[in-house]
Amino acid sequence: MKKWKQFTAIGMAFALLCGHLPYAETMKTEQEDETVVTEQEDGAAVTEQEEAAAAAGQLTQEDLDSLNGGDAEVYTHNGRVTFVGGTCTDSTVTSAEDAAEVLESMMTLIGADANTEFVPWRVITDPMGNRYYIFQQVYFDTTVCGGAVKVITDPDGNMIALSSSVESEMPEVDAEGGITAEEAGKIVKEHDPLHAGFSLDVMEQYTDIVVLPKNIVFDLESEDESSRFAWVVYTNNPSGNIQSGSDLPYLAHYVSMTGEYLYSMPAIVPDDEAGRAGYDSSYVFEFMEPAEYTGYVDLSDGTQKEITVTVMRDKRTGMYYLGNLERRIIVGQCYDFLYDGGKVVLEASPDNLEWDQVGLLSLYNYCRAWDYYNEIGWTGGDGDNTPILVLNNFCDDHYMEINNACYIGKINGMQCFAASKANDYSQCLDVIAHEFTHCVTGSLMTYNSYMNDYGAINEAMSDIQGKNCEMMSGDVDPDNWWMGANSFMPVRNMENPHLCGQPEYAWDLYYQARVLNPTAINDHGGVHTNSSLLNRVACLLISEGGMTYDEARTFWFMVDCAMGPQTDYAQLAELLPWVLKTAGMQQYEQTLSDAVNATRLGHEDMPEEMNDEYSLVTLTLPDTEAFDTDNWVLLFTSVKVDLMIERIMTIAGQLMNQDYSSLPESVQEAIEEGQKQKEEIQEKPLEEIGGLVLSLIGDLFAEDEEDEPQTKEEPASDEVTEDVARDLVDWLLGEINELRFSSNGNAGQDGSTINMVVRPGRTIPVLMHATVEGVSDSMDQLVMAVYINGKWYDLNLSAVQNGEDSSVPGLPDTILKDVLGENLGKLKDIRSLDDILDLISIDVQSGQILELSSDGLESIDIPEPMPAEEREFGVLVPGEKSRPKLDEATDEAEEEATEETAEEA
């Protein structure tokens, strides 16, 4: 037998795909009547399991009830036990060996077959002292995606829970035969539909065989059990290099043993050869001693901030380095480490007077995130105090800046994060703690699939702890629920998700249905969108329930500990109350229950009817080659035309009557000031007005002189003008957004259907398929179709890109001919604006479930992408430096030296 390779925390974070578990049914045995509450179909399966368990001398449901005094809290799915809120043994569990015995007695109930093994992965402890013995499922010495079990005990070794994510019904064969690892890598390089033309670099040392969950095997009718085995091949992620950024800079590709390319998912580095070999990265801390630095950094709002950071000083050379000895955090150059042989080139200074501001702020905030977790007993990002390397000047292998902050993974024995000067995230503690928490979550689970609920929960856990960390620090006001609040561009709002295009509850506006085939275009099932559901639960626990930040930190860390690899929103809704009770926070039970109901966690079935406020639009894509990519997006922008016209007429009438009350206050003040100046000028003699004009002309041609400093009480006139203009634009956008709605629905939900909740109004739906070329972010392929009068028309934008003539710039002749030719006869019937709108748009009514026709889509083809251009190398420009805060003695000495120099001169 092959030696099983223990997965590191980094590889488990996102790399492997797990299957969808529908709503987990509760099976609770009440002490009074000992009845079982479950679905009938599950009940039969449970009975069969109990018989099998009894025959094998293992535990049964009756045994669990007896062990828990008649009050067993057990959750099942398809007859398999997924969670036990109680004990599974009458003995204490004080070691991994004891936990393994418990697991062995539960094999039948959790659905493990004879060929399944469980290997100890790690043991962790939460802030309450509870211990979690984590086991990874393997099959024929091959890691099983989604297979893991946690045996949970209290500080005294009394078992309090079991969390199970087990893949059952495994094939009774091994992975012998099939294509080789080299052949799998070649197939991956040849299959690149989304980023055609961009070279993928296969990381051959990480290629391995895994077992796929049964419910994501693509050929469900196949009787070939060996189809469950697949090669996982890791490459660079082209999307991770686009300027918009990516949390996951690598791709995990899955190829069947017969050579069929299945799918890919974003991933972090899948394994850590150096770390597994005992590589010691602590060499960077040798000969170092702590030194303090206090200085000023510039913030995005135009202010400066004084920060004090402990840095490192080399006792041999006297050189200073940007790092913290106590927390084992260092700041180095991204390019040298990622693309030049793993070189650790630290940020250095000969005199400790100035530092790169992004690097300094990153060190400052990663130390604070480290402290946030250390206070509850979790040391470092992974709990093992592994050294942390912050890679400054985040870039790709061509020195092109990447506009993002992210957790990269464990490389060469260090947990690596990235910081970029293309944004201001280094000054946002919530963003830094968000990335830090990605490392925490990855280290608490055998893996977390970055798709559907699993990816959304992962993102939410980072948002929750990141925001909570910032709240505790006092960097923001208590009611500021913006993620990236101190950034020039905040990214999400946990209290009001609609502000950033996220849903408040399942099947709300912006909700993304789970997908069968995750792609970058369908956001892997809404991982960046549906995270708002759990974010809102966390927000409500604090804002409505009164949970303290310290309690929230403990509670959500314990949730992270208790979750399994296949914990989705439905199962999490059942798990959260148990964690709350275990944490001794029962006073928030009602608030939690209300929050779970408000967000409808786990209610994934598409609604059969809509309320009067929203509508539901569905589109079934044709079964053609063009629509076999799951990379199609339905763009939906609706406008309430009647209300908009009414609003425009109302405002126009007010302005004509010199009524400016509907305008922003600053605009009203500017208008009043303008009228006042006009009256003053009209009252002046003609010669005085001429003198003012000549004076203004003279100012225009005068030599530049040093501007007088403006006080906050007397802002410069151009600043006032900018503020007024900004207020006016914000007001206009606000007026428009009240009457306008924009969202998108992604393909891949069931392989052929797009379903999306929308706001009613007039719209022309647009269907789009696009790919981009590498780091340039330039479009190399674009297919679009518009829906007019019940039919789709191909915009054929590829013809425009390839230089074909068109009478309308940017619009091909073909669509004009098709639309006019097929609808020309209806023009004679037009009598009003509504008739015109009926012809060119659809009117979505409130509460309507509208099914769009697929007529016209069957003729659409996806053209070959344009040839990729040779990439150019970028140049990393040095960032802004901090300014040291010198003590009074130094200030006086410098002042005296300046005076002496002046006297000599």
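Everything numeric here is computed off the predicted structure, so don't read it as measured data.

The rules we used
Residues numbered from 1 in each chain as written. Predicted model: local features only at pLDDT ≥ 70, side-chain atom pairs only at ≥ 80, totals over all residues. Heavy atoms only, no water. Helix = DSSP H or I, 4+ residues; strand = E, 2+ residues; numbered from the N terminus. Buried < 20%, exposed > 50% of the residue type's maximum accessible area, 1.4 Å probe, protein only. Contact = heavy atoms within 4.5 Å. Areas by Shrake-Rupley, 256 points an atom, 1.4 Å probe, with all protein chains shown as cover. Patch = residues over 30% accessible without salt bridge, like charges linked within 9 Å, V, L, I, M, F, W, Y side chains within 5 Å. Salt bridge = Lys/Arg side-chain N within 4 Å of Asp/Glu carboxyl O. Lys, Arg positive; Asp, Glu negative; His and termini not counted. Charge placed at Lys NZ, Arg CZ, Asp CG, Glu CD. Core = buried A, V, L, I, M, F, W, Y, C linked by side-chain atoms within 4.5 Å. Phe/Tyr/Trp six-rings, centres within 6.5 Å; stacked < 30°, edge-to-face > 60°. Pairing = 2+ DSSP bridges. Axes fitted to C-alpha atoms, helices over the stretch in contact; angles between N-to-C directions. Expected span 1.5 Å × (residues − 1). Bend = angle between axes of the 7 residues up to and from the residue. Polar contact = N/O pair within 3.5 Å; in protein donor to acceptor, adjacent residues only side chain to side chain. Parallel < 35°, antiparallel > 145°, perpendicular 65-115°, else oblique. Left-handed = near helix turned anticlockwise from the far one by under 90°. Nonpolar A, V, L, I, M, F, W, Y, C, P; charged D, E, K, R; others polar. pLDDT = per-residue confidence, 0-100.

A. Main features of the overall build of the chain. On a plain count of helices and strands, the chain comes out with 24 helices and 33 strands. Every one of the 905 residues in the chain was classed for burial, and the buried ones make up 52%. For the chain, the share of sequence-separated contacts (at least 6 apart) that also reach a separation of at least 24 residues comes to 70%. Just so you have it, the chain exposes about 41,200 Å², and 49% of that area is on carbon and sulfur atoms.

B. Focus on a negative patch on the surface. Residues Asp477, Asp479, Glu495 and Glu544 make up a contiguous surface patch of negative charge. Residue classification places glutamate 544 among the exposed residues on the basis of a relative accessible area of 61%.

C. Geometry of the nonpolar core. Of all hydrophobic cores here, the largest spans 125 residues; its most connected members are Leu534, Phe555, Trp556, Leu576 and Leu767. Among residues more than four places away in sequence, those in contact with tryptophan 556 are Met461, Ile464, Gln465, Leu534, Val537, Ala538, Leu541 and Leu576.

D. Looking closely at the side chain of aspartate 523. Take aspartate 523: it is sitting in helix H12 (residues 523–526). Among buried Asp, Glu, Lys and Arg side chains, aspartate 523 stands out as unpaired, with arginine 492 the closest opposite charge at 9.1 Å. Here aspartate 523 is in contact with His528, Thr529 and Asn746, once residues within four sequence places are set aside.

E. Expanded view of the packing of aromatic side chains. Applying the stated criterion to the full structure yields 16 aromatic pairs. The interplanar angle of 70° and the centroid separation of 4.9 Å between the aromatic rings of phenylalanine 555 and tryptophan 556 together place this pair among those described as edge-to-face. Neither residue differs from the other here; phenylalanine 555 and tryptophan 556 are each classed as buried. A network of ring pairs unites the aromatic residues Tyr366, Tyr372, Tyr373, Trp378, Tyr407, Phe417, Phe436 and Phe557 as a single cluster.

F. Just the pattern of salt bridges, in detail. Summed over all chains, the structure comprises 19 salt bridges. Note that arginine 368 is salt-bridged to aspartate 475, the shortest N-O span being 2.9 Å. Note that arginine 368 is positioned in helix H9 (residues 357–374) and aspartate 475 in the loop between helix H11 (452–473) and strand S21 (482–483), a separation of 107 residues in sequence. The class for arginine 368 is buried, based on a relative accessible area of 18%. Judged by its relative accessible area of 22%, aspartate 475 is partly exposed. Here glutamate 604 makes a salt bridge to arginine 514, at a shortest N to O gap of 2.9 Å. Here glutamate 604 is found in the loop between helix H16 (589–599) and strand S23 (615–620), whereas its partner arginine 514 is found in the loop between strand S22 (492–493) and H12, with 90 residues between them in sequence. Each member of the salt-bridge network shares a partner with another, and the members are Glu326, Arg327 and Asp371.

G. Quick peek at the sheet that holds strand S14 (residues 320–321). Ordered by their spatial adjacency, five strands build an open sheet running S17-S14-S13-S12-S33, and the pairing between neighbours is antiparallel. At either end of the open sheet lies a strand with only one pairing partner, and these are strand S17 (348–349) and strand S33 (883–884). One ladder, built from two bridges, connects strand S13 (residues 304–314) with S14; its direction is antiparallel. Directly across from arginine 313, in S14, lies its bridge partner tyrosine 320. Across the sheet, H9 is in contact with strand S12 (288–298), S13 and S33; its angle to S13 comes to roughly 85°.

H. Quick look at the sheet that holds strand S32 (residues 849–852). If you walk across this open sheet you meet the three strands as S26-S23-S32, and the pairing is mixed. Strands with a single pairing partner mark the edges of an open sheet, and in this sheet they are strand S26 (753–758) and S32. Mean inter-strand twist for the sheet, computed between neighbouring axes without regard to direction, equals 20°. Sheet analysis places S23 next to S32, joined by four bridges and oriented parallel. Residue threonine 618 lies in a different strand from S32, and its bridge partner there is glutamate 851.

I. How the structure looks around a nonpolar patch on the surface. Side chains of Ile645, Met649, Ile764, Leu833, Ile836 and Ile840 sit close together on the surface and give an oily, nonpolar patch of about 510 Å² of accessible area. Of all the secondary structure elements, the ones that give two or more residues to the nonpolar patch are helix H17 (641–656) and helix H23 (833–840). Structurally, the position occupied by isoleucine 836 is in helix H23. Judged by its relative accessible area of 37%, isoleucine 836 is partly exposed.

J. Here's a closer look at the environment of alanine 348. Residue position: alanine 348 is located in strand S17. Each C-alpha atom of the pair alanine 348 and arginine 313 lies 9.5 Å from the other, and the pair is 35 residues apart in sequence. Contacts of alanine 348, omitting those with residues within four sequence positions, involve Met319, Tyr320, Tyr321 and Trp355.

K. Inspection of helix H15 (residues 569–582) at higher detail. Taking 1.5 Å of rise per residue, the 14 residues of H15 would be expected to cover 20 Å, and the 20 Å separating its terminal C-alpha atoms lies within 8% of that figure. If you look at H15, its biggest bend is around 30°, right at leucine 575, and the proline proline 577 turns up within four residues after that. The buried fraction of H15 amounts to 11 of the 14 residues, a majority that puts the element mostly inside the structure. What H15 keeps buried is the set Tyr569, Ala570, Gln571, Leu572, Ala573, Glu574, Leu575, Leu576, Trp578, Val579 and Leu580. Positive backbone phi, approximately 70°, marks glycine 584, located one or two places after H15.

L. The side chain of glutamine 427, seen in detail. Mapped onto the elements, glutamine 427 comes out in the loop between strand S20 (414–418) and helix H10 (429–444). In terms of polar contacts, glutamine 427 uses its side chain to reach the backbone amide nitrogen of serine 300, at 3.1 Å. Apart from residues no more than four positions distant in its own chain, glutamine 427 is found in contact with Asp298, Leu299, Ser300, Leu361, Asn365 and Asn486.

M. Summary view of the packing of H10 against helix H14 (residues 549–562). For the pair H10 and H14, the least separation of the axes is 8 Å and the interaxial angle reads 40°. Put simply, H10 runs oblique to H14. When the axes of H10 and H14 are compared, the crossing they make is right-handed. Counted together, Val440, Thr441 and Leu444 of H10 and Phe557, Asp560 and Cys561 of H14 form the full contact between these two elements. Among the residues forming the contact of H10 with H14, the class breakdown is four nonpolar, one polar and one charged.

N. Quick look at the confidence of the model for the chain. Of all residues in the chain, 73% have pLDDT values of 70 or greater, and the mean over the chain is 79. Predicted confidence for residues 272–279 stays below pLDDT 50, and this span has 15 contacts to residues more than four positions away or in other chains. Low pLDDT, under 50, characterises residues 709–713; the predicted model gives this stretch two contacts beyond four residues in sequence or across chains.

O. Looking closely at the pairing of strand S18 (residues 388–392). Burial of S18 is extensive: five of the five residues sit out of reach of the surface. On S18, burial covers both faces: Ile388, Val390 and Asn392 on one face and Leu389 and Leu391 on the other are all buried. Bridge count between S18 and S20: four bridges; the pairing is parallel. Each bridged residue has a counterpart across the sheet, and for leucine 391 the counterpart in S20 is alanine 418.

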